[in-house]
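Spelled out from the first residue to the last, the chains are:
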Amino acid sequence: MINKLKLSDRLVQVASFLPKGAFFADIGSDHAYLPCYVCLQDATARAIAGEINEGPYNSAKTTIENYNLDEQVEVRLGDGLEILNKDETDQIVIAGMGGALIRSILEDGKSKLSSTKRIIAQPNVDARNVRKWFLDNGFRLTDETILKENGHIYEILVADRKIDNSPYSDSSREKQLLFGPLLLKYRSAVFMEKWQLEYEKLTRVVAQMRNANVPDTSKIKQYERELAWIEEVINDEA
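Because the structure is predicted, anything quoted here is derived from the model rather than measured. (Residues numbered from 1 in each chain as written. Predicted model: local features only at pLDDT ≥ 70, side-chain atom pairs only at ≥ 80, totals over all residues. Heavy atoms only, no water.)

So, on to unusual backbone geometry. Backbone geometry at D30 places phi at a positive 60°, although glycine is not the residue there. For D30, the position within the fold is in the loop between strand 1 (23–27) and helix 2 (33–41). Since its relative accessible area comes to 37%, D30 is described here as partly exposed. If you check the backbone angles, N150 has positive phi at about 55° while not being a glycine. In this fold, N150 is placed in the loop between strand 6 (140–149) and strand 7 (152–160). A residue is classified by how much of its surface remains accessible, and N150, at 73% relative accessible area, is exposed. (Helix = DSSP H or I, 4+ residues; strand = E, 2+ residues; numbered from the N terminus. Buried < 20%, exposed > 50% of the residue type's maximum accessible area, 1.4 Å probe, protein only.)

Of all the 9 residues making up strand 7, 8 are buried; the element is thus mostly covered by neighbouring parts of the structure. The pairing of strand 5 (residues 118–123) with strand 7 spans 4 bridges and is antiparallel. Residue I120 lies in a different strand from strand 7, and its bridge partner there is V158. For strand 6 and strand 7, the ladder comprises 9 bridges, and the chain directions are antiparallel. When the bridges of strand 7 are listed, E144 appears paired with L157. Hairpin connection from strand 6 to strand 7: 2 residues lie between these consecutive antiparallel strands, with N150 at a positive phi of about 55°. (Pairing = 2+ DSSP bridges.)

With that out of the way, let us pick up helix 2. Since one α-helical turn is 3.6 residues long, residues separated by three or four positions face the same way. Within helix 2, burial applies to L34, P35, C36, Y37, V38 and C39. Contacts made by the buried residues of helix 2 are with helix 1 (9–16), strand 1, strand 2 (46–51), helix 3 (54–66), strand 3 (73–77) and strand 4 (91–97). (Contact = heavy atoms within 4.5 Å.)

The next point concerns the state of the cysteines. Under the counting rule described, the total for this entry stands at 0 disulfides. C36 forms no disulfide, and the closest cysteine sulfur to it belongs to C39, at a distance of 7.1 Å. The exposure class of C36 is buried, given its relative accessible area of 0%. (Disulfide = S-S within 2.5 Å.)

For the coordinates displayed, the defined rule picks out 17 salt bridges. Close ionic contact of K110 with E107 constitutes a salt bridge, the shortest N to O distance being 3.1 Å. Two residues, R173 and D170, come together in a salt bridge whose shortest N-O distance is 3.0 Å. Here R173 falls in the partly exposed class, since its relative accessible area comes to 31%. When its relative accessible area of 68% is taken as the criterion, D170 is described as exposed. Look at the salt bridges and you will find they share partners, linking R131, E144, E155 and K194 into a network. (Salt bridge = Lys/Arg side-chain N within 4 Å of Asp/Glu carboxyl O.)

By volume, the largest pocket is sized at about 690 Å³. Lining the largest pocket are 24 residues, with D126, K194, W195, E198 and K201 positioned closest to its centre. For the lining of the largest pocket, the secondary-structure elements that each account for two or more residues are helix 5 (127–136), strand 7, helix 8 (189–210) and helix 9 (217–234). Tallying contributions element by element places helix 8 first for the lining of the largest pocket, with 8 residues. Residue classes in the lining of the largest pocket are distributed as 12 nonpolar, 3 polar and 9 charged. By volume, the second largest pocket amounts to about 300 Å³. Forming the boundary of the second largest pocket are 18 residues, of which R10, L11, G28, S29 and D30 lie nearest the centre. Contributing elements (two or more residues each) for the lining of the second largest pocket: helix 1, strand 1, helix 2 and strand 4. Looking at the lining of the second largest pocket, the element that brings in the most residues is strand 4, giving 4 residues. Of the residues belonging to the lining of the second largest pocket, the class tally is 9 nonpolar, 5 polar and 4 charged. (1 Å grid on protein atoms, 1.4 Å probe; cavity = no way out; pocket = protein on both sides within 12 Å on 5 of 7 lines; lining within 4 Å. Points joined across faces, edges and corners; volume = space filled by probe spheres on them. Nonpolar A, V, L, I, M, F, W, Y, C, P; charged D, E, K, R; others polar.)

So, in structure tokens, the structure goes:
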């Protein structure tokens, strides 16, 4: 008897943003736990698990076989969205990577996304990069959440193919891209903890940059502006 598949809280939260009957691709699926978890709970769901490396690819195949999900989950070996046919899936999940890499995967695979209804991204760092890509490519940020698990803080971004009702305001767009317009609105305890830590980290970075032989004044100015934004937020003045 196969044990019930257990996911991390982070991936359970990611899965919660998939609709019933989803047909989605999980890019960088590792052991294919997320696709298998979703399909075990929803017999009408289908998934493609994408992996670039043979080790995780083989692990994903084993997981799928162990849970008898061959009819619902397919694993493919390849780089990013190149594993997909054009307009093949309705949803895309990319979780557990840096924001710059997620953005690169989406940008390189744009031709595969013309009928994608929803993208769920969980960047480990630099969520701003992902938000900016959504904004520039016809996806409206419709949900955001932040959680802490095992000492790490994670942001999850959900974007749907809509161009109306932008969550951004023209006057505060750069600030909202940094914090997340929806996260900034609700300011949970985890959100506040994250930005207190970021403030301390960025303060140290700026101090080191000022002491450099040739200080990068434009970069220092940018970081000082971000520090002022963070200070407003953690002091609840924004």
